[in-house]
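Residue strings, one per chain:
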Amino acid sequence: MSAEQNVEQVNAVHARYADQLMRYPHVVGVGVGLAQEGGQYTSKISLIVMVDRKVPLDDLDPDSILPRELDGVRVDVQETGGFSAI
């Protein structure tokens, strides 16, 4: 799959699931971007789910755990803190 096709696929998954993902606890945003591994950006285009803070899986209700993948697209959870308008 070309990089352009990959971006199109991730954009389609974003359009399909963004509203649903925003309903999860701690989620403050959903976008398309580069995944992170070990705090470093990779070259992998992914669905990015931004959270105010990461919570250990053991502390989450099973229904509150974000999926790792949607329709074959990686879901990368990134801690961003909260957002506010000034």
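Here is what the cut-offs are and how they apply
Throughout this document, residue positions are counted from 1 along each chain, in the order its sequence is written. A pLDDT threshold of at least 70 governs which residues receive local features in this predicted model, and a stricter bar of 80 or more applies before side-chain atom pairs are shown or counted, although totals over entire chains, interfaces and linings include all residues. Computation of side-chain values: all heavy atoms of the structure, hydrogens and water removed. What counts as a helix is a DSSP run of H or I of at least four residues, what counts as a strand is a run of E of at least two, and both are numbered from the N terminus. Based on C-alpha atoms, the radius of gyration is set beside the globule rule, defined as 2.2 Å times the residue count to the power 0.38. Between buried and exposed lies partly exposed: a residue is buried under 20% and exposed over 50% of the maximum accessible area for its type, with that area taken using a 1.4 Å probe on protein chains only. By the convention used here, residues are in contact when the closest approach between their heavy atoms is within 4.5 Å. Residue exposure ignores everything except the shown protein chains as possible cover, and the areas themselves are Shrake-Rupley values with a 1.4 Å probe. Here Asp and Glu are counted as negative and Lys and Arg as positive; His is not counted, and neither are the chain ends. Positions of charges follow a simple convention, taking NZ of Lys, CZ of Arg, CG of Asp or CD of Glu. Whenever Lys or Arg places a side-chain nitrogen within 4 Å of a carboxyl oxygen from Asp or Glu, that contact is recorded as a salt bridge.

### Things to note about the overall build of the chain
Stage number 1. Helices and strands together make up the secondary structure of the chain, namely one helix and four strands.
Stage number 2. Secondary structure elements of the chain occur, N-terminal to C-terminal, as α-β-β-β-β.
Stage number 3. In terms of C-alpha radius of gyration, the chain reaches 13 Å, essentially the compact-globule figure of 12 Å for 86 residues.
Stage number 4. The principal-axis extents of the C-alpha atoms in the chain amount to approximately 40 × 30 × 30 Å.
Stage number 5. Considering the chain as a whole, with its 86 residues, one finds that 33% of them fall into the buried category.
Stage number 6. Of the contacts formed within the chain by residues at least 6 apart in sequence, a portion of 57% connects residues at least 24 apart.
Stage number 7. Element-wise, carbon and sulfur atoms account for 48% of the exposed surface of the chain, whose accessible area totals about 5800 Å².
Stage number 8. Distance between charge centres in the chain, computed from 7 positive and 13 negative side chains, equals 2 Å.

### Things to note about the pattern of salt bridges
Stage number 1. Following the criterion strictly, the structure yields four salt bridges and no others.
Stage number 2. Where Arg16 meets Asp71, a salt bridge forms, and the shortest distance between an N and an O atom there is 2.4 Å. Taken together, the residues Arg16 in helix H1 (residues 3–21) and Asp71 in the loop between strand E3 (69–70) and strand E4 (73–79) connect sequence positions 55 residues apart.
Stage number 3. Residue Asp71 is classed as partly exposed on the basis of its relative accessible area, which comes to 41%.
Stage number 4. By sharing partners, the salt bridges in this structure join Glu37, Lys44, Arg74 and Asp76 into a single network.

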